[in-house]
Amino acid sequence: MEPLEDTLRRLREAFCAGRTRPAEFRAAQLRGLGRFLQDHKQQLQQALAQDLHKSDFESLVSEIVISQGEVDLALRNLRAWMKDERVSRNLATQLDSAFIRKEPFGLVLIVAPWNYPVNLTLVPLVGALAAGNCVVLKPSELSRSTEKVLAEELPRYLDPSCFAVVLGGPSETEQLLEHRFDYIFFTGSPRVGRIVMAAAAKHLTPITLELGGKNPCYVDDDCDPQTVANRVAWFRYFNSGQTCVAPDYVLCSPETRERLLPALQSAITRFYGDDPKSSPNLGRIINQKHFLRLQGLLRCGRVAIGGQSDESDRYIAPTVLVDVQDTEPVMQEEIFGPILPLVTVRSLDEAIDFINQREKPLALYAFSNSSQVVRQVLARTSSGGFCGNDGFMHMTLASLPFGGVACCHQLLSAQPSSHNAL
Ligand code: NAD
């Protein structure tokens, strides 16, 4: 293996020589990435099944199709994105040309998580390649089978003078972060996000931090419980709850909670059958450490649905908790597993206060037959993304920005939102 210093030097030299700047070069890399996805579709699906027990359908829609869509989007728009943007002039500059030129940053580091290990590794890569950067890609070491496919196969489709995959866990990533990069794109936990931010600050390197947190889901009394339950259950238990934008907990009145419980049970049975453990559609927890953490969360409040677990298979049943206390771990940390607490509030105002007293969420959901109620939640809260009467459908729109409110690059962006009629 080439020493890290040599890899970084080689990539930086390629960037300084202007190798990645021409549109043709960028397009060739993007086409290579597209070919990788086509040629290794089955291998990626097998790897995702080994890592997370993802079904072929789930791997296709949430990993491969999204990555391919991003490649196609970049190829379609590359030349338009690269064009100088003419800007208005004042009296004194009428004879000058004034424009904004979009430049690549240089050497970019992408550090990815394990929960969507294809999508969250390759989608940032598309952006970095389309923008004409050299890239060091650091996939997650926890989604081992997918990491192997990315490390062994992807480099064969990209120019090796401008692109490298570096493997490893926390200590290797910390070593990597000691080096100077021109941009860092990190997706992962807030804890590691702080480590990345501190390392970037030493070199004043600009960063994107795509982090996690708790995503509230308000359910109004005025709605059809079965429709809400179907949508909440689908988005909570997809990938066994290991989705950064999954609804983390429900806020509703005690009466709505009673209506939601049988509806949630019926949705779970419909999606995963009477024995969810044998369902091909339910994922598994990534590793034993996360399994034990989630098993601990099952002890919070009272189990109303599910609650079973099997360590040998890292299986946690789709679970609904009630009567949880605000001070219990399930309400203090991001759940990131197939567990859904139902928290009761007496009014819409109390729900909004509950949301606003906590960290600004990455995603926020509100269900109601009254669009006035949905609009009130949107207007009186702040979140990275918002969806009315649905789960994370806003994520499927490439036309909307994505990210948390606290991300520095998101401070000026509009709050992405979409709103469905129930
Ligand atoms: P993580 O922070 O543990 O790991 C992410 C990456 O950082 C991995 O590549 C890992 O190798 C590396 N890493 C781990 N410890 C490190 C350390 N001490 N120093 C340097 N690097 C280190 O996150 P995860 O467990 O892989 O992913 C789950 C988290 O990611 C959740 O919080 C989830 O909400 C979040 N997430 C956010 C988004 C988003 O788009 N906002 C998407 C997916 C996941």
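Cut-offs and rules
- Residues numbered from 1 in each chain as written.
- Predicted model: local features only at pLDDT ≥ 70, side-chain atom pairs only at ≥ 80, totals over all residues.
- Heavy atoms only, no water.
- Helix = DSSP H or I, 4+ residues; strand = E, 2+ residues; numbered from the N terminus.
- Rg over C-alpha atoms; globule rule 2.2 N^0.38 Å.
- Buried < 20%, exposed > 50% of the residue type's maximum accessible area, 1.4 Å probe, protein only.
- Contact = heavy atoms within 4.5 Å.
- Areas by Shrake-Rupley, 256 points an atom, 1.4 Å probe, with all protein chains shown as cover.
- Lys, Arg positive; Asp, Glu negative; His and termini not counted.
- Charge placed at Lys NZ, Arg CZ, Asp CG, Glu CD.
- pLDDT = per-residue confidence, 0-100.
- Phe/Tyr/Trp six-rings, centres within 6.5 Å; stacked < 30°, edge-to-face > 60°.
- Lys NZ or Arg CZ within 6 Å of the ring centre and 35° of its normal.
- Pairing = 2+ DSSP bridges.
- Axes fitted to C-alpha atoms, helices over the stretch in contact; angles between N-to-C directions.
- Expected span 1.5 Å × (residues − 1).
- Bend = angle between axes of the 7 residues up to and from the residue.
- UniProt positions renumbered as here; feature names shortened; annotations may be inferred.

1. Considerations on the overall build of the protein
In terms of regular secondary structure, the protein is built from 14 helices and 17 strands. The C-alpha radius of gyration computed for the protein amounts to 23 Å, which stays within 12% of the reference 22 Å derived for 422 residues, consistent with globular compactness. The dimensions of the protein, computed from C-alpha atoms along their principal axes, are 65 × 60 × 35 Å. For the protein, buried positions account for 53% of its 422 residues. Contacts in the protein between residues at least 24 apart in sequence constitute 70% of all its contacts with a sequence separation of at least 6. Accessible area of the protein: about 19,200 Å², with a carbon and sulfur share of 53%. Of the charged side chains in the protein, 43 are positive and 48 negative, and the gap between their average positions amounts to 5 Å.

2. Considerations on the confidence of the model for the protein
On average, residues of the protein score 95 in pLDDT, and 96% of them reach the 70 mark or higher. Across residues 407-416, where pLDDT falls below 50, the model places 21 contacts with residues more than four positions away in sequence or in other chains. What the predictor reports for the complex is a pTM of 0.94 with an ipTM of 0.97.

3. Things to note about the packing of aromatic side chains
According to the stated counting rule, one finds nine aromatic pairs in the structure shown. With a centroid separation of 6.1 Å and 85° between ring planes, the pair formed by F271 and Y272 is classed as edge-to-face. Judged on exposure class, the residue F271 and its partner Y272 are both buried. By the ring-pair criterion, three or more aromatic residues cluster together here, those being W234, F235, F238, F271, Y272 and F392. Cation over ring: R358 sits above F354, and NZ or CZ is 3.6 Å from the ring centre.

4. A short note on the pairing of strand β6 (residues 183-187)
Within β6, four of the five residues are buried, which leaves it mostly tucked inside the rest of the structure. Bridge count between strand β3 (residues 107-111) and β6: four bridges; the pairing is parallel. Residue pairing across strands places L109 opposite I184, the latter belonging to β6. Here β6 pairs with strand β7 (residues 207-210) via four bridges, running parallel. In the strand pairing of β7, F185 is matched with T208.

5. Regarding the sheet that holds β3
With respect to topology, five strands assemble into an open sheet ordered β5-β4-β3-β6-β7, the strand pairing being parallel. Each edge of the open sheet carries a strand with a single partner, namely β5 (163-165) and β7. Along the sheet, successive strands turn relative to each other by an average axial angle of 10°, direction set aside. Across five bridges, the pairing between β3 and strand β4 (residues 134-138) is parallel. Its bridge partner lying in β4, V111 is registered against K138.

6. So, helix α10 (residues 254-272)
When the terminal C-alpha atoms of α10 are compared, their 27 Å separation across 19 residues agrees well with the 27 Å that a helix rising 1.5 Å per residue should span. Of all the bends in α10, the largest measures some 25° and sits at L260, one to four residues before the proline P262. Among the residues of α10, those classed as buried are T256, R257, L260, L261, A263, L264, A267, I268, F271 and Y272. Residues of α10 that are buried in the fold lie against β8 (216-219), α9 (225-237), β9 (249-252), β10 (302-305), β13 (319-322) and β14 (339-344). Taken from the residues just after α10, G273 is the one with a positive phi, measuring 80°.

7. With respect to the UniProt feature "active site" (unreviewed entry) in the protein
UniProt tags E210 and C244 as "active site" (unreviewed entry). A stretch of 35 residues holds the annotated residues, and the largest C-alpha distance among them is 9.2 Å, short enough that they meet in one place. Assessed through its relative accessible area of 8%, E210 is described here as buried. Apart from residues no more than four positions distant in its own chain, E210 is found in contact with F185, F186, T187, G188, F402, G403 and G404. If you trace the backbone, C244 turns up in the loop between α9 and β9.

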